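Residue-level structural notes
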Amino acid sequence: MLARDIGIRFKGVEKTNVEEYCVSEGWVKVAAGAAKDRFGRPMTITLKGPVEPYVRGETKEG
């Protein structure tokens, strides 16, 4: 199961820039454009709504 690619749907739309998520609390943290904090990490925005993780594609073996 861990070898599969996991995707995140937020409010029914697939998001590819999710940094963190919590299904039980219903939030995702996404990158805020190209903005960086003083340590060089991307700035994030917390968005609230329904979060749905799902398995993308088939198992990768190699």
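Quick look at the structure, then. Only a predicted model underlies this, so the values are computations on that prediction, with no experimental measurement involved.

**A short note on the environment of glycine 57**
Residue position: glycine 57 is located in the segment after strand 6 (51–56). In the structure, glycine 57 is positioned 52 residues away from aspartate 5 in sequence and 6.9 Å away in space, judged by C-alpha atoms.

**Looking at the pattern of salt bridges**
Opposite charge on two side chains lets them pair, provided their charged atoms get close. Tallying each qualifying case throughout the model produces 4 salt bridges. Residue glutamate 52 is joined to arginine 9 by a salt bridge in which the shortest nitrogen-to-oxygen separation is 3.2 Å. With glutamate 52 in strand 6 and arginine 9 in strand 1 (residues 5–10), this residue pair connects regions lying 43 residues apart in the sequence. Under the relative-accessibility criterion, arginine 9 is labelled partly exposed at 29%. The network of salt bridges with shared partners includes Asp5, Glu14 and Arg56.

**With respect to the nonpolar core**
Within the largest apolar cluster, 5 residues are counted, these being Ile8, Phe10, Val28, Val30 and Val51. Only strand 1 and strand 4 (27–36) provide two or more residues apiece to this core. Those residues within four positions of valine 51 in sequence are excluded, and the remaining contacts are Ile8, Arg9, Phe10, Tyr21, Cys22, Val23, Gly26, Trp27 and Val28.

**Quick word on the sheet that holds strand 5 (residues 42–48)**
If you trace the 3 strands from one edge of the open sheet to the other, you get 3-4-5, paired in antiparallel fashion. Sheet topology places strand 3 (18–22) and strand 5 at the edges, where each strand pairs with a single neighbour. Here the average twist between neighbouring strands, direction ignored, is 25°.

Reading the values: rules and limits
- Residues numbered from 1 in each chain as written.
- Predicted model: local features only at pLDDT ≥ 70, side-chain atom pairs only at ≥ 80, totals over all residues.
- Heavy atoms only, no water.
- Helix = DSSP H or I, 4+ residues; strand = E, 2+ residues; numbered from the N terminus.
- Salt bridge = Lys/Arg side-chain N within 4 Å of Asp/Glu carboxyl O.
- Buried < 20%, exposed > 50% of the residue type's maximum accessible area, 1.4 Å probe, protein only.
- Core = buried A, V, L, I, M, F, W, Y, C linked by side-chain atoms within 4.5 Å.
- Contact = heavy atoms within 4.5 Å.
- Pairing = 2+ DSSP bridges.
- Axes fitted to C-alpha atoms, helices over the stretch in contact; angles between N-to-C directions.

These values are about where atoms sit, not about what they do.
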